[in-house]
Amino acid sequence: DAEITQSPRHKITETGRQVTLACHQTWNHNNMFWYRQDLGHGLRLIHYSYGVHDTNKGEVSDGYSVSRSNTEDLPLTLESAASSQTSVYFCASSSRGRGYGYTFGSGTRLTVV
Amino acid sequence: EDQVTQSPEALRLQEGESSSLNCSYTVSGLRGLFWYRQDPGKGPEFLFTLYSAGEEKEKERLKATLTKKESFLHITAPKPEDSATYLCAVQAHGGSQGNLIFGKGTKLSVKP
């Protein structure tokens, strides 16, 4: 069965370290997204990609970067982790076009100490 | 600016007590409205897509409806296993055509 997987599920890192969260999907979806979810804010878009070598900034992109070298993967990198980036991160994917909702991963809980 | 507002923030029901969740939206042109269910520690799970005013979708005890300004998720005779956070999202016409804009969710608790 097709799926979207995130790793790790939990991570603790120190302020200032570079961290990469992985997202891998086997749906063959063109679109991939990274969100963070915080109490009181809901899901906020960090970065998104509509295809290989395409990346775009979302609502809260400062301090984050992504790259898309193939269809299946969209890793999210925190260049220099800050305590404000403690959050739950969700990756999602979708097909192109009207009405295609997202399929979400199970999330990565990141704690920056 | 495209916006989604959900109410109430939290809702407590007794088992069998029917109710509705509201999703109000402001969007330049609606391509689709989505409902998701999210259980603690998990990613959101897709429930419904609605495309135009007057449309309705049903799944078990859940029924979603859509008007030009809002959507309702009606829960009929809920059970404890319906306890979850329900998220509403809209997909708009325009530049970022694939992107969903999410509301903050309604946390539903159903007590036996």
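In this report, we go over the structure that sits alongside the text. Source: prediction; values computed, not measured.

As for the sheet that holds strand β8 (residues 70–75) of chain B
Residue and element names in this part refer to chain B. The 5 strands lie next to each other as β1-β3-β8-β7-β6, forming an open sheet whose pairing is antiparallel. Each edge of the sheet is formed by a strand with only one pairing partner; in this case those strands are β1 (3–7) and β6 (56–59). Strand-to-strand twist in this sheet, taken as the mean axis angle between neighbours without regard to direction, amounts to 15 degrees. Note that β6 and strand β7 (residues 62–66) share 4 bridges and pair antiparallel. Residue pairing for β7: K57 is matched across the bridge by A64.

A closer look at the sheet that holds strand β3 (residues 19–25) of chain A
As a general point, the strands of a sheet are linked pairwise by backbone hydrogen bonds and lie either parallel or antiparallel. Residues and elements named next belong to chain A. With antiparallel pairing, the 4 strands of this open sheet are ordered in space as β1-β3-β8-β7. The sheet is open, and its two edges are formed by β1 (4–7) and β7 (64–66), each paired on a single side. When the angles between neighbouring strand axes are averaged without regard to direction, this sheet yields 20 degrees. Alignment of β3 against strand β8 (residues 76–78), held across 3 bridges, turns out to be antiparallel.

Rules used in this analysis
- Residues numbered from 1 in each chain as written.
- Chains lettered and ligands numbered in written order.
- Predicted model: local features only at pLDDT ≥ 70, side-chain atom pairs only at ≥ 80, totals over all residues.
- Heavy atoms only, no water.
- Pairing = 2+ DSSP bridges.
- Helix = DSSP H or I, 4+ residues; strand = E, 2+ residues; numbered from the N terminus.
- Axes fitted to C-alpha atoms, helices over the stretch in contact; angles between N-to-C directions.

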